[in-house]
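Here is how the chains run, residue by residue.
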Amino acid sequence: MIARWAPALVCAAAAAVLWASPGAPAQEGAPLAGDGASLYRQSCSSCHGSDLRGVPGKGPPLRGVGALSADFYLSTGRMPLAHPDDEPVRNPPAFEAPQRRALVDYIASFGGPPVPHVDPGAGSIAQGQRLFADRCSGCHQVVGRGGIVPPSGVAPALRHASATQVAQAIRIGPYTMPRFNAAELDDREVASIARYVASTRDPADRGGWGIGNLGPVPEGMVAWLLAGVALLLVVRGLGERGR
Amino acid sequence: MRRLLRAIVALLVGTRAVRGAARGEQPEQTEADPRRREIVSTPRRELVLAVLLLAAAAFAIAFVVLILGGDPVQWEAVTLGGAFACLAAALGYAGLKVVPQETEVEERPQLEGPEAEEQLRRTLAAGGDGVSRRRLLTVAGLTAGGSLAAALAVPAISLGPAVGEAPFRSPWRRGRALVDEHGEPISADDVVEGSHLTAFPADADPRELGSPVALVRVAPDTLRLPPERRDWAPEGLLAYSKICTHAGCAVSLYRYPLSEDTTGEPPALACPCHYSMFAVREGARVIGGPAGRPLPQLPLEIAADRTLRAAGPLSGAVGPAWWGVRRT
Amino acid sequence: MSQDSGRDPIAFVDQRLGAAATTRKALRYVFPDHWSFQLGEIALYSFVVLLATGVYLSLFFESSLSRTVYDGGYAPLAGTEVSRAYASAVRLSFDVPAGLLIRQTHHWAALVFVVAIVMHLMRIFFTGAFRKPRELNWMIGLTMLGLALVEGFAGYSLPDDLLSGMGLAIAQAVAMSIPLIGGDVTYALWGGEFPGSPEFHSRLFITHVLLLPGALAVLIALHLALVVRQRHTQFPGPGRTERNDVGSPMWPGYALRSLSLLAAVCAVLFLLGGLVQINPIWQWGPYEIWEGTNGAQPDWYLGWLIGALRLMPNWEPHVAGYTLVPNPFWGGALFPAGLFGLLYAWPLIEQRLITRDTSRHELLDRPRDNPVRTAAGVAILTLVVLVFGFGSSDRALVTAGFAYSLQLTVTRVAVFVLPPVAFLVALRVCRELRDRDAHPLREWDGGYVRRRPDGGFEVVPEPPRSSAPPPR
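Residues numbered from 1 in each chain as written. Chains lettered and ligands numbered in written order. Predicted model: local features only at pLDDT ≥ 70, side-chain atom pairs only at ≥ 80, totals over all residues.

## Side note on the overall build of chain C
Test applied: Only DSSP runs of H or I with at least four residues qualify as helices, and only runs of E with at least two residues qualify as strands; both kinds are numbered from the N terminus onward. Distance between backbone-placed C-beta atoms decides contact: two residues are in contact if it is within 7 Å.
Helix and strand content of chain C: 16 helices and eight strands. The principal-axis extent of the C-alpha atoms belonging to chain C is close to 90 × 80 × 45 Å. Nonlocal contacts in chain C, meaning residues at least 24 apart in sequence, comprise 71% of its contacts between residues at least 6 apart.

## Describing the interface of chain A and chain C
Put simply, the test is: Put simply, Ala, Val, Leu, Ile, Met, Phe, Trp, Tyr, Cys and Pro go in the nonpolar bin, Asp, Glu, Lys and Arg in the charged bin, and everything else, Gly too, in the polar bin.
Each partner contributes to the interface: chain A provides 52 residues, whereas chain C provides 56 residues. Among the elements that make up the side of chain A that touches chain C, the one with the highest residue count is helix H9 (residues 216-238) of chain A (15 residues). Residues that form the side of chain A that touches chain C fall into these classes: 28 nonpolar, 16 polar and eight charged.

## Considerations on the pairing of strand E8 (residues 457-460) of chain C
All names here are of chain C. Spelled out, the test is: The pairing criterion is simple: DSSP has to find at least two bridges between the two strands.
As paired strands, strand E7 (residues 448-451) and E8 are joined by four bridges and run antiparallel to one another. Bridge assignment links arginine 450 to a residue of E8, and that residue is glutamate 458. Between E7 and the antiparallel strand that follows it, E8, lie five residues; glycine 455 among them carries a positive phi value of about 90°.

## Quick word on the pairing of strand E10 (residues 285-288) of chain B
All names here are of chain B. Looking at chain direction, strand E9 (residues 277-279) and E10 are connected through three bridges and run antiparallel. When the sheet's bridge partners are listed, methionine 277 is paired in E10 with glycine 288. With antiparallel pairing between neighbouring strands as the criterion, E9 and E10 make up a hairpin whose turn holds five residues, including glycine 283 at a positive phi of roughly 70°.

## Notes on the domain arrangement of chain C
All names here are of chain C. Defined as follows: Domains are outlined according to an automatic or database domain assignment.
Taken domain by domain, chain C comprises domain 1 (1-31) and domain 2 (34-289). Computed from C-alpha coordinates alone, the two centres of domain 1 and domain 2 are separated by 37 Å. Each partner contributes residues to the interface: domain 1 has six residues there, and domain 2 has eight residues. Taken together, the elements giving at least two residues each to the side of domain 1 that touches domain 2 come down to helix H2 (20-27) and strand E1 (30-31). For the side of domain 1 that touches domain 2, the residue count by class is five nonpolar, no polar and one charged.

In structure tokens:
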């Protein structure tokens, strides 16, 4: 009797095991195919729940996060995440653009804000600098080079952030970043911040080589390793009659 | 070529004589007189020197032209630096290859002179011949000197006020509205869970140390404030002084986990200078870093028009701790 | 009789000052010319560049914290309310011809000034040049190092930008933490609570352009006068004894080489001043007490202090609600005071406890000749570099995967473990080098190998005569 049902039981057990394990990153093996729902089931549901209501200890609910969130996390490659406790960091996106669109549409079908439309040109770079210095530079550093968030996190550098991603991050508050709604930072202010962030990709390095725009630490390294070494070589050449 | 061969042989065989020969010295010198004087200049070397000097001049002229013409900083540096570099090369070349190379010997000065010291002591002592009441005069002299020095130092008190209760003074009073950096009142609906704002007291100097506060909102059921502060956080809105109690930087990092059960860290304000962390749900208790005191908390109330107001003064001294001054 | 002195400048001067004999003696003054004796000169010439560029800057800089609205060419600051000091520093960087070049050269010169002092200090320490009769000069030099640190800090705090404003807040907290006098001294200096009264900026300015440079100039003059009076030390070598001085005369060789070094220092500083950006204050923005930036660091020579301030656990002992020791005291005041105190006392410590040697020394030690001193110096350096490295490499290490909390724990253990280990390693290395009497880099010291007549090789104590080419 059991022998007749055994193959089915084995298949069911295998399916359950595959169901429970985290979804493989799309780069491994054949690209995942299918519509948004099946992509979700394969890559996201193990942590975020098959009903998008989240799994305690693994992933938050996705109902109501909308295209705004889904597009942010997928286009910056922060999701899928290998381990629920990891800090999501920028990666090459795991999905091709059509697959991303499908996934985003699927998640958006459960409600939530759309992908924001940001026009940095409509913002003021000076206003952006003021807002950034007050709200953002504590974590992201005043020209967006990123930094530590104690005890063990990292606020990323903003070099690769597009204007849309800046706006999305402001509204979502990913990982441990605070979030700001439209009452606090309206769309024009968000556009200004995006414009300022774009300008920090190539800041006004009027004084020469910017050495990373990180401040006194690279400057001290230059003082020792360029000036110090050069002058040591000079005195070596001058002293002891150049021997 | 010969030097190279000698060096290789020396390496392989290890003879001191070979090493010495490679350096061009007499082997095993003892007590040699180091005095030397060599004339080294040749017409060719003098020509090289002249070329270096003229190159320095050329760079310097280029610098002047650049300054008068425009302001490309990098080219200014290349020309001016180049001029100095050529001058350095010229002077070094002259000093090493053109002027006579000399090694001289000089005797060191005798620094000690016991006889002279004795004479000095006697001269000094002789100035007090006949003076008998030395103790009295010493005490009187020291008193005069000390008093005069203290008198000259006293005007320094006009440089600033004594500390007193200053760290506890701030513009925050009961009923004072919270405004943003443009002076606009802040509404409770402007601040969502996970938000982080800087707020100031209305009609006060924002640059006074006690003025800026960090305004955040957490879920009200997660609050863990001490019992006497139960009413200080309406709807989970919290305000803390933004000046770090460690060394006075602005507490401008805010960590609010989107998914707390996977992130594992509670919401906290943190300071970018030395990474002190303050748990916002627990009255800005220090949960990491070198700060010794929690951030003073500002009690809040929500007015009828939903704007935020202070419900009292800050709970403690603002900013870093002072030696010998009260903490709370 | 004296000739027509109008035509002969030497006669002109000598007839009025009687200086011919003294000048001749000065020109023939002998300098030992090992290359490491010129490190102090690098510092001296950096100071000269600082003075020259500093004068230029002071002709343009407005020392005032009054508010103004920025209306210059840098777009991200347009319409921002800033202090006049900040606006004038940005104007200097953008609108004054050669302004940015001079400003950056000035700042680079300050960094290189302290680099040279530290290299010079290490040379003096590891060769024992501070021994009798030079203990006083050692202390003058240490004082100049301390003043240089304060002077540099004051200088880069003048433009009132975000980075340096945060540094001033921390400096005030450290000043406040000093027992007994800290509070009132801080209040007196700042004219009240941070950020201080308007007069504070004037005090900072006059300290930076007059008081500290004046003190440094006096100390430099004293330092050089003592060197001239006592004569420079020299390494042991042929013909060199404790009673003589062997080297190049000032004229012509040494003077030309020293001037060459001056020109080289100017070259390096001006090249850096225009080719490598330093302290781009327009990017940091103006300072406000409610703003902060991540990754804020002091200039390199204060990096050991930020490391110490971050390393300390949050000990802030208090009694009956009154603070006894504010936390910044440990890392910001006690640590540097302890280190400087140890260095000041070092000649005495060495005389009394290590070498028991109070005689006069004119010949220098090689570092290996006094293994305990060298090992102690290496241990102190290890501690300082470790603290410094922790304070400055947080970002780099986090990028490499080491969380900040892990760095903190590891460094807290390392500051107790690494210096003693470094001490022991250096001690051992010195003793071995001294016993084998070999130069570690230049001379190869191995065995002599000779081929036996029956084939095979053997190690012999004497060099085999037959295989050596005849000496020249």
